[in-house]
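# Reading the structure
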Amino acid sequence: MNISYQLIRSNRKTLSIEIKPDGQVLVRAPRRITKREIDQFLLSKSDWIEKHVRQAAERSAAAPKADILTPDEIRALANEALKDLPDRVRRFAPKVGVSYGGITIRNQKTRWGSCSSKGNLNFNCLLMLAPPEVRDYVVVHELCHRREMNHSPRFWAEVGRVLPDYEVQKAWLKEHGPAIMARMTG
């Protein structure tokens, strides 16, 4: 099997595979690993990759085509997010039991949020197109990274402690998120 993929090398310790909403395969790899080792890893995961690429294509084909957001609409979403998301962070940070640094609102094409090692939080203005409970989930997700900078079982247990039904919101984002993101990119 010949798998086409984008490779990102960094100082990480493990290989990971991500299937983008458009079906593109993204591989993150340690700098020291050889191309041959990467290809062998991908071959061992080929069934999983094919399944998820197919699912991404099906979701993309089924997603209603929405209009691309204008710069004014993006600005309005960012302004709305500047009011909404910091309030959610202030409400959930004590429940998670963490502090945080600055909060930045961005218009991103691939991420809903991120948390830096210094505790700075970034959120996508497109979250304003998602239901409030989904925004809560993304905020809690990023705040939980203040405890666990990974997606380990401990991390998910922390998310579940604060939001017991987080899997419903996570599923909503997986199903509807690509169509929202497509409004940014076309």
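Every residue gets a number counted from 1 within its own chain, in the order that chain's sequence is written. Since the coordinates come from a predicted model, pLDDT governs what is reported: local features require at least 70, and pairs of side-chain atoms require 80 or more to be given and counted, while whole-chain, interface and lining totals use all residues. Water and hydrogen atoms play no part in the side-chain values, which are based on all heavy atoms of the structure.

### Here we look at the side chain of Gln108
Defined as follows: Counting from the N terminus, the helices are the DSSP runs of H or I reaching at least four residues and the strands are the DSSP runs of E reaching at least two. Using a 1.4 Å probe on the protein chains alone, a residue whose accessible area is under 20% of its type maximum counts as buried, one over 50% counts as exposed, and one in between counts as partly exposed. By definition, residues are in contact when any of their heavy atoms lie within 4.5 Å.
With respect to the helices and strands, the residue Gln108 is situated in the loop between strand E4 (103–106) and strand E5 (113–115). With relative accessibility at 17%, the residue Gln108 sits in the buried group. Residues in contact with Gln108, not counting those within four places in the same chain, are Phe123, Asn124, Leu126, Met181 and Met184.

### Here we look at the sheet that holds strand E6 (residues 121–124)
For clarity, the threshold we go by: Pairing between strands is defined by DSSP: at least two bridges between the two strands are required. Note on definitions: angles span 0 to 180 degrees between N-to-C directions of axes, and those axes are lines fitted to C-alpha atoms, for helices only across the stretch in contact.
The mixed open sheet is built from three strands, whose spatial order is E4-E6-E5. Each edge of the open sheet is held by one strand with a lone partner, namely E4 and E5. Recorded for the sheet is a direction-independent mean angle of 15° between the axes of neighbouring strands. Bridge count for E4 against E6 is four bridges, and the pairing is parallel. Each bridged residue has a counterpart across the sheet, and for Arg106 the counterpart in E6 is Asn124. Strand contacts of helix H3 (residues 71–96): E4 and E6, with the helix running at about 145° to E4, the strand carrying the most contacts.

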